[in-house]
Amino acid sequence: MNPERLLIYNAHLGSIAGEWQPGWLLTEGKTIYRMGAGEPPELEASTVTRRIDAGGRALIPGFIDLHVHGAMGHDTMDASPDGLREMSRFYARHGVTAFLATTWTASREETLAAVQNVAQLTGPLPGGATLLGAHLEGPYLNPAKCGAQDARQIRRADPHEALEFLDTGCVRLLALAPEFTENLWLIDECSRRGITVAAGHTTAGYEEMRLAAARGLRQVTHCYNGMQGFDHRSLGTVGAALAIPEIDCELIADNIHVHPAAQKILVDVKGLQHVILITDAIRGAGLPDGEFAIGDRMVTIQDGAVRLPNGSLAGSVLTMENALRNASRSTGRPLQESWVMSSHNAARAIGIAEHKGSLETGKDADLVLLDADYSVNMTVVEGRVIFERAAADPTRM
Ligand SMILES: [Zn+2]
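Before going into details, it helps to say that this report is about the structure given with it. (Residues numbered from 1 in each chain as written. Predicted model: local features only at pLDDT ≥ 70, side-chain atom pairs only at ≥ 80, totals over all residues. Heavy atoms only, no water.)

### Section: the packing of helix α2 (residues 108-121) against helix α3 (residues 159-166)
A pair of packed helices is captured by two measures, namely the crossing angle of their axes and the spacing between those axes.
For step 1, the next point in the chain: Interaxial distance between α2 and α3 falls to 9 Å at its minimum, and their mutual angle equals 15 degrees. The angle between α2 and α3 falls in the class roughly parallel. Note that α2 runs across α3; the crossing there is right-handed. Of the residues in α3, those in contact with Arg 108, Thr 111, Leu 112 and Val 115 of α2 are His 160, Glu 161, Glu 164 and Phe 165.
For step 2, the next point in the chain: Across the contact of α2 with α3, the residue classes break down as three nonpolar, two polar and three charged. (Axes fitted to C-alpha atoms, helices over the stretch in contact; angles between N-to-C directions. Helix = DSSP H or I, 4+ residues; strand = E, 2+ residues; numbered from the N terminus. Parallel < 35°, antiparallel > 145°, perpendicular 65-115°, else oblique. Left-handed = near helix turned anticlockwise from the far one by under 90°. Contact = heavy atoms within 4.5 Å. Nonpolar A, V, L, I, M, F, W, Y, C, P; charged D, E, K, R; others polar.)

If you want it as structure tokens, here you go:
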């Protein structure tokens, strides 16, 4: 049997070179087979599975969310295969084609169960986004910046425990607090294994961040949130992230975690190539407002904000399409420039840019077709149409 071929034409294609031109793209199996400007080539009808008129919409690489905990009532920490599958289907409806299932700070047993579950499911998931692996957000953080992380469970990196997590083979990103010298060996170990290390829930200052970057730390977890703020004499983690060129910055662009003007400062200083949009979404994403448990604590979701009883923000109910829309507007950058923040930068950050994160011949056919208002019209994961909005569908969330 011949592999499936999708021909998407009459689209505006984003490219790394910055070109933004009307054109077409042909998939074959799971990869991008050919693409070009203008009218599509004449292809024998029998060689194309489906022809899709994009109606002039933007066709960009599918979103890659490196930092997402849950959705639709499920959470990575539940260690449930069905939970991860349902999460992946929800994300795909919002344009995500690949994601890292992200843990919270928890006991060794709970964390190991969650990571082992991710390891078992890593790869394409039926009807959903591809699971790329796990992001360990903790437990080696700083309780002084715990945010919604459970301070009672935060600890220093014990080699026996941490190596057990890493030996599952699915960890692609790990967030730690580099101001604790007991955590520094883990930066070396992760770098050696090709696992990206971020500074998160941390009070690390400029010098500590420089030392950590010299050992291989390359990212900050949700920039501005859960870290020491900027002062012109004491730069804090925020100042270090802005000043150190090797460091990429995750950003929760829900306009609640970070003021739109602070989003613009970040992009203006770091450049579009070094800002990675994430959702940090929790199990309440996709559900109506109400109360949910995170571990043994309750959070309230109201008007797009997730808060602990003390008022602290506890993750989000953001989707990637909304993140890209917000970030584009707050930074004043058009989609033809801003799209790198929702896919390409993430792919590069975890070392998979050879396969994902840009529209190029031979790369995975991970695609999202966006309306002019950034809402998702269609999601293609590795050459399969996973989601398409019906023409008259009024549920344009
Ligand atoms: Zn998180």
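### Things to note about the coordination of the zinc ion
For step 1, the next point in the chain: Here the zinc ion is held by His 67 (NE2), His 69 (NE2), Glu 137 (OE) and Asp 280 (OD), and the distances to it run 2.0 to 2.2 Å.
For step 2, the next point in the chain: For the zinc ion, the four donor atoms are set out with angles of 84 to 173 degrees between them, so the coordination reads as irregular. (Donors = N, O, S within 2.8 Å, 3.2 Å for Na, K, Ca; no water. Tetrahedral: all angles 85-135°; square planar, octahedral: opposite > 155°, others 65-115°.)

### Let's talk about the sheet that holds strand β16 (residues 290-294)
For step 1, the next point in the chain: Strand order in the open sheet formed by four strands is β16-β17-β18-β19, and the pairing between neighbours is antiparallel. For this open sheet the edge positions go to β16 and β19 (313-316), each flanked by a neighbour on one side alone. Each adjacent strand pair in this sheet contributes to an overall mean axis angle of 35 degrees, direction not counted.
For step 2, the next point in the chain: Note that strand β17 (residues 297-302) and strand β18 (residues 305-307) share three bridges and pair antiparallel. For Ile 301, the partnering residue across the bridge sits in β18 and is Val 306. (Pairing = 2+ DSSP bridges.)

### Structural notes on the environment of Arg 5
For step 1, the next point in the chain: Summarising the element assignment, Arg 5 is placed in the segment before β1 (6-14).
For step 2, the next point in the chain: For Arg 5, a relative accessible area of 13% translates into the label buried.
For step 3, the next point in the chain: Residues Arg 5 and Gly 205, 200 residues apart in the sequence, show an inter-C-alpha distance of 51 Å.
For step 4, the next point in the chain: Beyond its immediate sequence surroundings of up to four residues, Arg 5 is in contact with Leu 26, Thr 27, Glu 28, Tyr 33, Thr 47, Val 48, Thr 49 and Arg 50. (Buried < 20%, exposed > 50% of the residue type's maximum accessible area, 1.4 Å probe, protein only.)

### Side note on empty space enclosed by the protein
For step 1, the next point in the chain: Applying the stated criterion to the full structure yields one cavity of 30 Å³ or more.
For step 2, the next point in the chain: One number sums up the size of the largest cavity: a volume of about 50 Å³.
For step 3, the next point in the chain: In terms of lining, the largest cavity is formed by Asp 65, Val 68, Phe 90, Tyr 91, His 94, Val 96, Thr 279, Ala 281, Leu 318, Thr 319 and Met 320.
For step 4, the next point in the chain: If you list the elements that add at least two residues to the lining of the largest cavity, you get β6 (63-68) and α1 (81-93).
For step 5, the next point in the chain: Taken together, the residues of the lining of the largest cavity break down into seven nonpolar, three polar and one charged. (1 Å grid on protein atoms, 1.4 Å probe; cavity = no way out; pocket = protein on both sides within 12 Å on 5 of 7 lines; lining within 4 Å. Points joined across faces, edges and corners; volume = space filled by probe spheres on them.)

### Focus: the packing of aromatic side chains
For step 1, the next point in the chain: Applying the stated criterion across every chain, the model contains two aromatic pairs.
For step 2, the next point in the chain: Look at Phe 90 and Tyr 91: their rings are 6.0 Å apart centre to centre, the planes differ by 70 degrees, and that puts the pair in the edge-to-face class.
For step 3, the next point in the chain: Judged by its relative accessible area of 5%, Tyr 91 is buried.
For step 4, the next point in the chain: If you follow Arg 51 out to its NZ or CZ, it ends over the ring of Tyr 9, 5.4 Å from the centre.
For step 5, the next point in the chain: In this structure, Arg 156 is placed above the aromatic ring of Phe 180, and the distance from its NZ or CZ to the ring centre is 3.6 Å. (Phe/Tyr/Trp six-rings, centres within 6.5 Å; stacked < 30°, edge-to-face > 60°. Lys NZ or Arg CZ within 6 Å of the ring centre and 35° of its normal.)

### Some thoughts on the pairing of strand β9 (residues 96-103)
For step 1, the next point in the chain: Here β9 lies mainly inside the structure; eight of its eight residues are buried.
For step 2, the next point in the chain: Pairing of β6 with β9 involves four bridges; the strand directions are parallel. Along β9, the bridge assignment pairs Val 68 with Ala 101.
For step 3, the next point in the chain: Where β9 lies against strand β10 (residues 130-137), six bridges are found, and the strand directions are parallel. Each residue of the ladder has a partner; that of Phe 99, found in β10, is Leu 131.
For step 4, the next point in the chain: Handedness of the crossover joining β9 and β10 through α2 is recorded here as right-handed. (Right-handed = clockwise from strand over helix to strand, strands pointing away.)

### Looking at the side chain of Ser 328
For step 1, the next point in the chain: In this structure, Ser 328 sits in helix α8 (residues 320-331).
For step 2, the next point in the chain: Once residues within four sequence positions are removed from consideration, Ser 328 is found in contact with Arg 333, Ser 338 and Tyr 374.

### Structural notes on the packing of helix α7 (residues 260-270) against α8
For step 1, the next point in the chain: Packing of α7 against α8 brings their axes to within 8 Å, and their N-to-C directions diverge by 80 degrees. Between α7 and α8, the crossing angle belongs to the class labelled roughly perpendicular. Across the interface between the two elements, Pro 260, Gln 263, Lys 264 and Val 267 from α7 touch Asn 326, Ala 327, Ser 330 and Thr 331 from α8.
For step 2, the next point in the chain: Its residues placed into classes, the contact of α7 with α8 shows three nonpolar, four polar and one charged.

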